[in-house]
Amino acid sequence: MTAVAALAEYAPRYRVEIGEPEGSEWLRVDRILEPGSPELTELLKRDDEASCHRTAHANALSMMSFYAGRAPAAALLLWALEGHVLDIRPQNLWVRPHDGHGIASVAIRSADFLPGGLETLYDVVLRQHLLPLSEELHRRTRAGLRQVYGGVAAGCAMGFCAATREEVTVEPAYLLERWRTFVAKAPGDLARLGDVEVAAGKLVYLRNTCCLYYTSQSGEGTLCGSCCLTPRDQRLTAYEAGRPILTV
């Protein structure tokens, strides 16, 4: 089994199809990033229909968290485990929207790796992909750029956290060290937007920004488990107790 195929063992969200997909339901990521693109409009529409957001900027924050937690997070997990940087440059990447939140499937042109280390990872995941997408969401919806970056940070963190929650797990201390290495100098000042901690033997993310989930009709006033509106010690206590939480 290749390293890319093995990602699905850690969580179904990290399954990556190899080869250019067929069908109009697939969206090429470089087109999503184009200003005013109908592809991004479609992603926002689907998330809005799933959550019934009351504001456009809450819609943008929700979409970003779910989006960043898929292909970019899978590439981060592969880097953390194998040290390889998967070629998920926008022109090589497709996503298929879910009927509700986020992305149902991800495809890449080929399972190629790019030369280089952390700077290459920053370039592929952040500078060419998630940060330009954040800026476009900010332009469209007036969502605060720091809040949108908060969704980027939360989605990226799931690439590390989810691998400690499934049947095939990785030692939390190792992934925590890899997360801290990644986030320390990450563009977008991601290190200031939240923290990964160990709770109940698993990695959890504590946000310093709010995704406004509680303002949506589906949220019904409920704060997500990582929400910065809940005091930090209360969030960690809830995680330690294994209470149900909402994750991206």
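Residues numbered from 1 in each chain as written. Predicted model: local features only at pLDDT ≥ 70, side-chain atom pairs only at ≥ 80, totals over all residues. Heavy atoms only, no water.

Going by the annotation in an unreviewed UniProt entry, the name recorded for the protein is FhuF-like iron-sulfur protein, with Kribbella jejuensis given as the source organism.

Novice: Any details on helix α4 (residues 56-68)? Residues and values, ideally.
Specialist: End to end, α4 covers 18 Å across 13 residues, agreeing with the expected 18 Å (1.5 Å per residue, within 8%). Among the 13 residues that make up α4, 10 are buried, leaving the element largely enclosed by the rest of the structure. Those residues of α4 that sit buried are Ala58, Asn59, Ala60, Leu61, Ser62, Met63, Met64, Ser65, Tyr67 and Ala68. (Helix = DSSP H or I, 4+ residues; strand = E, 2+ residues; numbered from the N terminus. Expected span 1.5 Å × (residues − 1). Buried < 20%, exposed > 50% of the residue type's maximum accessible area, 1.4 Å probe, protein only.)

Novice: Just give me the short version of the sheet that holds strand β2 (residues 27-28), but keep the residues and values in it.
Specialist: Taken together, the four strands give an open sheet; going across it, the order is β1-β5-β4-β2, and neighbouring strands pair in mixed fashion. Sheet topology places β1 (17-18) and β2 at the edges, where each strand pairs with a single neighbour. Note: β2 against strand β4 (residues 93-97), two bridges, orientation antiparallel. Note that in β4 the partner of Leu27 across the bridge is Val95. (Pairing = 2+ DSSP bridges.)

Novice: I'd like a description of the nonpolar core, backed by residues and values.
Specialist: Tyr67, Leu126 and Phe182 are the most contacted members of the largest nonpolar core, which totals 77 residues. Looking at this core, the element that brings in the most residues is helix α7 (residues 145-161), giving 10 residues. (Core = buried A, V, L, I, M, F, W, Y, C linked by side-chain atoms within 4.5 Å.)

Novice: Please provide a residue-by-residue account of helix α9 (residues 232-241), values included.
Specialist: Inspection of α9 places Arg235, Ala238 and Tyr239 among the buried residues, and these make up the whole buried set. All buried residues of α9 lie within an arc of 100 degrees about the axis, which places them on one face of the element. Projecting away from the buried face of α9 at angles above 90 degrees are the exposed residues Asp233 and Ala241. Close packing links the buried residues of α9 with β7 (194-199) and β8 (202-207). (Arc of directions from axis to C-beta. Contact = heavy atoms within 4.5 Å.)

Novice: I'd like a description of the packing of aromatic side chains, backed by residues and values.
Specialist: If you walk through the whole model with that rule in mind, you get five aromatic pairs. Summarising the aromatic geometry, the rings of Phe160 and Trp179 are spaced 5.3 Å apart at their centres and angled 75 degrees between planes, so their arrangement reads as edge-to-face. Of this pair, Phe160 sits in helix α7 while Trp179 sits in helix α8 (residues 172-184), and the two are 19 residues apart along the sequence. Note on Phe160: relative accessible area 0%, which makes it buried. (Phe/Tyr/Trp six-rings, centres within 6.5 Å; stacked < 30°, edge-to-face > 60°.)

Novice: Got a sec to walk through the environment of Ser216? Specific residues and values, please.
Specialist: Within the secondary structure layout, Ser216 lies in the loop between β8 and α9. On the accessibility criterion, Ser216 (0% relative accessible area) is buried. For the pair Ser216 and Thr55, spaced 161 residues apart in sequence, the C-alpha to C-alpha distance is 8.3 Å. Beyond its immediate sequence surroundings of up to four residues, Ser216 is in contact with Ser51, Cys52, His53 and Arg54.

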